[in-house]
Amino acid sequence: MKIIYDAEVDALSIVFRQTTVTTKHLAEGIAADYDSQGQLAGIEILDAVKRFGGEETLRQIVIEGIGPTARG
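Residues numbered from 1 in each chain as written. Predicted model: local features only at pLDDT ≥ 70, side-chain atom pairs only at ≥ 80, totals over all residues. Heavy atoms only, no water.

Draft legend 1. Spatial organisation of the sheet that holds strand β4 (residues 30-34). Spatially, the 5 strands line up as an open sheet ordered β1-β2-β5-β4-β3, and their pairing is antiparallel. Unpaired on one side and paired on the other, β1 (2-6) and β3 (22-27) mark the two borders of the sheet. If you compare each strand with its neighbour and ignore which way they point, the axes differ by 15 degrees on average. Note that strand β2 (residues 11-15) and strand β5 (residues 40-46) share 5 bridges and pair antiparallel. By the bridge assignment, alanine 11 is partnered in β5 with leucine 46. (Pairing = 2+ DSSP bridges. Helix = DSSP H or I, 4+ residues; strand = E, 2+ residues; numbered from the N terminus. Axes fitted to C-alpha atoms, helices over the stretch in contact; angles between N-to-C directions.)

Printed below as a string of structure tokens:
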């Protein structure tokens, strides 16, 4: 998984896997990418700083439940 923030266009992308995708626009400025099997491959959010309440929010990434004791 890769999280990318492009400050030039204020876009946040979360890429779960690199593959050929089909994009579905979910709402104004929010899109989801799906692979050929219909599995979620990524998400893009435009106007990210405005949507998340400021740059400081984007600097705080916490992933819970990941590690040796996590169950999937």
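Draft legend 2. Representation of the confidence of the model for the chain within the structure. For the chain, the mean per-residue pLDDT works out to 89, and 92% of the residues sit at or above 70. Averaged over each element, pLDDT in the chain is lowest for helix α2 (residues 55-58) (82) and highest for β4 (98). (pLDDT = per-residue confidence, 0-100.)

Draft legend 3. Representation of unusual backbone geometry in the model. Backbone geometry places aspartate 10, a non-glycine residue, at a positive phi of 55 degrees. In this structure, aspartate 10 sits in the loop between β1 and β2.

Draft legend 4. Representation of the pattern of salt bridges within the structure. Per the stated rule, a full pass over the model turns up 3 salt bridges. For aspartate 35, the salt bridge is made with arginine 17, and the minimal N-O distance between the two is 3.3 Å. In this pair, aspartate 35 is assigned in the loop between β4 and β5 and arginine 17 in the loop between β2 and β3, connecting sequence segments 18 residues apart. A relative accessible area of 33% places arginine 17 in the partly exposed class. For arginine 59, the salt bridge identified is with glutamate 56, shortest N-O distance 3.4 Å. Taken together, the shared-partner salt bridges connect Glu55, Glu56 and Arg59 into one network. (Salt bridge = Lys/Arg side-chain N within 4 Å of Asp/Glu carboxyl O. Buried < 20%, exposed > 50% of the residue type's maximum accessible area, 1.4 Å probe, protein only.)

Draft legend 5. Focus on a nonpolar patch on the surface. Together, Met1, Ile3, Phe16, Leu40, Ile61, Ile63 and Ile66 make up a nonpolar patch on the protein surface, roughly 700 Å² of accessible area in all. Following the sequence through the fold, methionine 1 ends up in the segment before β1. By relative accessible area, which is 63% here, methionine 1 ends up exposed. (Patch = residues over 30% accessible without salt bridge, like charges linked within 9 Å, V, L, I, M, F, W, Y side chains within 5 Å. Areas by Shrake-Rupley, 256 points an atom, 1.4 Å probe, with all protein chains shown as cover.)

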